[in-house]
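# A structural walkthrough
Each chain, letter by letter, is given below.
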Amino acid sequence: VKNIGKTDARGVIVRDVLPDGLEFVDATSPQPTRSGPMLIWTLDSLAAGTERVLKFKARPTQVGSLDHAATVSLRAGAKSRTIVQQPKLKVE
């Protein structure tokens, strides 16, 4: 997972659904949460210009092509500043 942006990515979640024919064995740190065939890595943040490598081992249980792809979601936002000024006039 690589953040090529200029700001930190917050609430980064990586999901990979293992297809029939692949069985999860182990993962290096950080360990994913597992929900059936879905592996979920929750990263608090990913600083701008950095990357994290997520590795896991799977065992094939059948012969053939086994396609799967990870998806990434994150929270992004914008920051702004508003200045409210109050005139201090006295009218006589």
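In this report, the structure presented in the accompanying data block is examined.

### Brief notes about the overall build of the protein
If you tally the helices and strands in the protein, you get 0 helices and 6 strands. Each helix and strand of the protein, placed in order from N terminus to C terminus, yields the pattern β-β-β-β-β-β. The C-alpha radius of gyration computed for the protein amounts to 22 Å, which surpasses the reference 12 Å derived for 92 residues by more than 25%, pointing to a less compact arrangement than a globule. Across its three principal directions, the C-alpha atoms of the protein cover 90 × 25 × 20 Å. Relative to its full complement of 92 residues, the protein shows a buried share of 20%. In the protein, 77% of the contacts between residues at least 6 apart in sequence involve partners at least 24 apart. With an accessible surface of roughly 7600 Å², the protein has 50% of that area assigned to carbon and sulfur atoms.

### Observations regarding the pattern of salt bridges
Across all of its chains, the model carries 2 salt bridges by this definition. Close ionic contact of Asp 8 with Arg 10 constitutes a salt bridge, the shortest N to O distance being 3.7 Å. Under the relative-accessibility criterion, Asp 8 is labelled partly exposed at 39%. A salt bridge links Glu 23 to Arg 59, with the shortest nitrogen-to-oxygen separation between them at 2.6 Å. Pair noted here: Glu 23 is in strand E2 (residues 22–27) and Arg 59 is in strand E5 (residues 56–60), with a separation of 36 residues, a long-range link. When its relative accessible area of 37% is taken as the criterion, Glu 23 is described as partly exposed.

### Description of the pairing of strand E1 (residues 9–17)
Here E1 pairs with strand E4 (residues 38–46) via 8 bridges, running antiparallel. Note on E4: the bridge partner recorded for Arg 10 is Ser 45. Note that E1 and strand E6 (residues 70–75) share 5 bridges and pair antiparallel. Counted as the bridge partner of Asp 16 is Ala 70 from E6.

Cut-offs applied
- Residues numbered from 1 in each chain as written.
- Predicted model: local features only at pLDDT ≥ 70, side-chain atom pairs only at ≥ 80, totals over all residues.
- Heavy atoms only, no water.
- Helix = DSSP H or I, 4+ residues; strand = E, 2+ residues; numbered from the N terminus.
- Rg over C-alpha atoms; globule rule 2.2 N^0.38 Å.
- Buried < 20%, exposed > 50% of the residue type's maximum accessible area, 1.4 Å probe, protein only.
- Contact = heavy atoms within 4.5 Å.
- Areas by Shrake-Rupley, 256 points an atom, 1.4 Å probe, with all protein chains shown as cover.
- Salt bridge = Lys/Arg side-chain N within 4 Å of Asp/Glu carboxyl O.
- Pairing = 2+ DSSP bridges.

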